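Per-entry structural report
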Amino acid sequence: MVVSVPYERAVARNGEVEIAYEAFGEPDGRPLLLIAGLDGQMLWWWTDFCRLLAGRGYRVVRYDHRDSGLSTHFTGYRGAPYTALDMAGDALAVLDALGWRDAHLCGASMGAGLGQYLAATAPERVRTLTSMLSIPVDRPASALAYVHPLRPFKLAFRRYGDDRASQIRRTVDVLRLTYPDGARFPEEQARAVAAECHARHPHDPTARRRQLAASRAVRFPAPGLAGITAPTLVIHGEDDPLVRPAGGRAVAARIPGARFVGYPGMGHNLPEERWTDIADELDRLTAGSR
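Residues numbered from 1 in each chain as written. Predicted model: local features only at pLDDT ≥ 70, side-chain atom pairs only at ≥ 80, totals over all residues. Heavy atoms only, no water.

Time to look at unusual backbone geometry. Peptide bonds are trans in most cases, and residues, glycine excluded, mostly fall at negative phi. Looking along the chain, the bond that leaves Ala-222 and enters Pro-223 is cis, with omega of 0°. You can see Pro-223 is positioned in the loop between helix H6 (205-216) and strand E7 (232-237). Although it is not a glycine, Leu-133 sits at a positive phi angle of roughly 55°. Judged by relative accessible area, Leu-133 falls into the buried class, the value being 5%. (Helix = DSSP H or I, 4+ residues; strand = E, 2+ residues; numbered from the N terminus. Buried < 20%, exposed > 50% of the residue type's maximum accessible area, 1.4 Å probe, protein only.)

One pass over the full model with this rule turns up seven aromatic pairs. A centroid spacing of 4.9 Å and a plane angle of 55° characterise the contact between Phe-74 and Tyr-82, whose relative ring orientation is tilted. The pair formed by Phe-74 and Tyr-82 is uniform in burial state, with each residue classed as buried. Three or more aromatic residues link up through ring pairs in this structure, and these residues are Trp-45, Phe-49 and Trp-275. Sitting above the plane of the Tyr-58 ring, Arg-30 keeps its charged end 4.0 Å from the centroid. Positioned over the ring face of Tyr-82 is Arg-66, at 5.3 Å from the centre of the ring. (Phe/Tyr/Trp six-rings, centres within 6.5 Å; stacked < 30°, edge-to-face > 60°. Lys NZ or Arg CZ within 6 Å of the ring centre and 35° of its normal.)

Before going further, it helps to examine the pairing of strand E8 (residues 259-263). Sheet analysis places E7 next to E8, joined by five bridges and oriented parallel. Of the residues in E8, the one forming a bridge with Leu-233 is Arg-259. Once the chain exits E7 it traverses helix H7 (residues 245-254) before rejoining the sheet at E8, and the crossover so formed is right-handed. (Pairing = 2+ DSSP bridges. Right-handed = clockwise from strand over helix to strand, strands pointing away.)

With the rule as written, the count across this model stands at 26 salt bridges. Arg-127 serves as the salt-bridge partner of Asp-102, at 2.6 Å between the closest nitrogen and oxygen. Of this pair, Asp-102 sits in the loop between helix H2 (84-98) and strand E5 (103-108) while Arg-127 sits in strand E6 (residues 126-132), and the two are 25 residues apart along the sequence. Among the residues examined, Asp-102 registers a relative accessible area of 13% and is labelled buried. Between Arg-176 and Asp-173 there is a salt bridge whose closest N-O contact spans 3.9 Å. Here Arg-176 and its partner Asp-173 are both found in helix H4 (residues 164-177), three residues apart, which amounts to about one turn of the helix. For Arg-176, a relative accessible area of 33% corresponds to the partly exposed category. Within the structure, one salt-bridge network assembled from shared partners comprises Arg-158, Asp-173, Arg-176, Glu-187 and Arg-191. (Salt bridge = Lys/Arg side-chain N within 4 Å of Asp/Glu carboxyl O.)

It is worth stressing that arrangement in space is one thing and function is another; only the former is reported here.
Below you can see the structure in the form of structure tokens.
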């Protein structure tokens, strides 16, 4: 059951870059930072999911990466205007703006990679790590082994106009690709969030290229994932059409003490029918921590 919870919106700063964020729940709740995936605005952490977690006692914060939503945007993509280190710094800037010495981190897809990087390089800021829909980012050469290469090409030759309706349709079509064939797709909710994302900032196809370039340029410190000491939970959809479950299992195998949870029927997304299960797993991971 989703309950009414306190809500606020603010901006953090990482140098000259502004990072927009939203917070749900009581200020003294367990600090939980949600890190979005590639080219994804914070709104894809569904609002009702955030409220559900806040109702369980978390102070839930979601934020727009640089180059997305209401955060600072860049132009061009030659010469890499920023790196994954800068994007990790954005997450820490949000913690600083909130006055959080440390927090529970929960990242999805690329956001999980940033979470892994932060847990390895800034362990004092990470209470626990939840890595969802992820691959190991300490060995980029092996990344292709975990990715379904053909699925994204379903949209490769489809053309969309620059008008509002076409761009909303493009966003919905992209999200649809993250669901397994035959799975229930939340068409109405997806269209509503896509419209809100467009209103906040229209899609910029070069932003994805910049974020991909930033992630490829990351240099993970030795000994890689094996050096992560934060209690870690790895969640993956057993029917993920983009990233094979083996990717999540590899993350769990490389982080000492990590626990893997796979959900049949779940894709590369956060389906409503799994919200309670995921919240239960987060509670188990963070039990006893404030």
